[in-house]
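Working through the structure, step by step
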Amino acid sequence: QLNQKNFSFQVEKVNSPDIPFRSIVNYKNTSTLHLRLIKTDDKIRKALENQYDEKYWATLINTPVLKSWTQPLPVTNDLQEHNTEIKIDGLPSGEYILFCSSDKNFNNPKALLGARSFYVSAISYVNAGNDYFVLHRETGQPLSNAKVQVWKQQYDYKQSKYITQKARLYNTDANGF
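The structure reproduced in this document is the subject of the present report. This structure is a prediction, so every number in the text was calculated from the model and none was measured. (Residues numbered from 1 in each chain as written. Predicted model: local features only at pLDDT ≥ 70, side-chain atom pairs only at ≥ 80, totals over all residues. Heavy atoms only, no water.)

Here we come to the overall build of the protein chain. Tallying secondary structure elements over the protein chain gives two helices and twelve strands in all. Mapped in sequence order, the helices and strands of the protein chain form the string β-β-β-β-α-α-β-β-β-β-β-β-β-β. Dimensions of the protein chain, computed from the C-alpha atoms along their principal axes, are close to 55 × 45 × 30 Å. Contacts in the protein chain between residues far apart in sequence, at least 24 positions, make up 64% of those at least 6 positions apart. By element, 48% of the accessible surface of the protein chain is carried by carbon and sulfur atoms, the whole surface being about 12,100 Å². For the protein chain, the centre of its 22 positive side-chain charges and the centre of its 17 negative side-chain charges are spaced 5 Å apart. (Helix = DSSP H or I, 4+ residues; strand = E, 2+ residues; numbered from the N terminus. Contact = heavy atoms within 4.5 Å. Areas by Shrake-Rupley, 256 points an atom, 1.4 Å probe, with all protein chains shown as cover. Lys, Arg positive; Asp, Glu negative; His and termini not counted. Charge placed at Lys NZ, Arg CZ, Asp CG, Glu CD.)

Right, here's the structure in full:
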């Protein structure tokens with residue numbers, strides 16, 4: 001176990017558009033991470049909805065890549081776990097997956113793999129119970145006259161899975177309510 005390689009990482013669920021952000025990486029006996037940035041769409045989201053499916057990693061490996069790079073990690077050679085933050089360049093609004101590997105060949109069966117999905121958006125919200133206020137993520141100012149589409153997940157016993165369904169559409173007032 002002392003010599004075993006491992007890594008894990010986290011990305012904030014929502015980041016501001018066009019501004020670089022960080023991912024925190026926890027690692028042991030690993031000197032380099034190989035990263036891929038994937039722009040998500042409905043087709044990719046559908047293919048990856050079950051992370052326990054045996055095709056999950058193969059689907060990620062074969063998904064078109066928006067950007068790829070190699071990130072050296074501080075070398076310690078002390079067999080201990082360490083944390084560091086790595087920079088992710090600013091991105092336009094959208095949904096993404098950060099996909100990492102311990103090996104430049106993501107197909108290598110011995111490679112450690114990890115993936116995190118996240119969003120880039122200038123929109124944020126705060127709520128108290130069922131009262132929601134839609135705000136600009138950076139300034140905190142209310143977003144008036146914003147259209148807010150609510151979606152709900154319900155379990156479908158016939159299909160044995162959760163189904164996402166459109167719910168009510170709202171418009172915010174001058175206070176973002």
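Here we come to the pattern of salt bridges. Summed over all chains, the structure comprises five salt bridges. Here glutamate 95 ties to arginine 45 by a salt bridge, and the two come within 2.7 Å at their closest N and O atoms. Taken as a pair, glutamate 95 in strand 7 (residues 94-101) and arginine 45 in helix 1 (residues 42-47) lie far apart in primary sequence, 50 residues in all. The partly exposed category is assigned to arginine 45, whose relative accessible area is 36%. Between lysine 67 and aspartate 89 there is a salt bridge, with its nearest N and O atoms 2.4 Å apart. On the criterion of sequence distance, the pair formed by lysine 67 in strand 5 (residues 67-72) and aspartate 89 in the loop between strand 6 (82-88) and strand 7 is long-range, its members being 22 residues apart. The class of aspartate 89 is partly exposed, set by a relative accessible area of 34%. Linked through salt bridges whose partners overlap, the residues forming this network are Asp42, Arg45 and Glu95. (Salt bridge = Lys/Arg side-chain N within 4 Å of Asp/Glu carboxyl O. Buried < 20%, exposed > 50% of the residue type's maximum accessible area, 1.4 Å probe, protein only.)

Attention now goes to the side chain of threonine 63. Tracing the sequence through the fold places threonine 63 in the loop between helix 2 (56-61) and strand 5. A polar contact is formed between the side chain of threonine 63 and the backbone oxygen of threonine 59, at a distance of 2.5 Å. (Polar contact = N/O pair within 3.5 Å; in protein donor to acceptor, adjacent residues only side chain to side chain.)

Moving on: the nonpolar core. Phe9, Val25, Leu35, Leu37, Leu91, Leu98 and Phe118 are the most contacted members of the largest nonpolar core, which has 19 residues in total. Residue assignment for this core shows that the elements contributing at least two residues are strand 1 (6-11), strand 3 (21-28), strand 4 (32-39), strand 6, strand 7 and strand 8 (113-120). Once residues within four sequence positions are removed from consideration, phenylalanine 118 is found in contact with Val11, Glu12, Lys13, Asn15, Phe21, Leu37, Leu91, Gly94, Glu95, Tyr96, Ile97 and Leu98. Counting residues in hydrophobic clusters, the runner-up holds ten residues, among them Ile38, Leu48, Tyr56 and Ala115. (Core = buried A, V, L, I, M, F, W, Y, C linked by side-chain atoms within 4.5 Å.)

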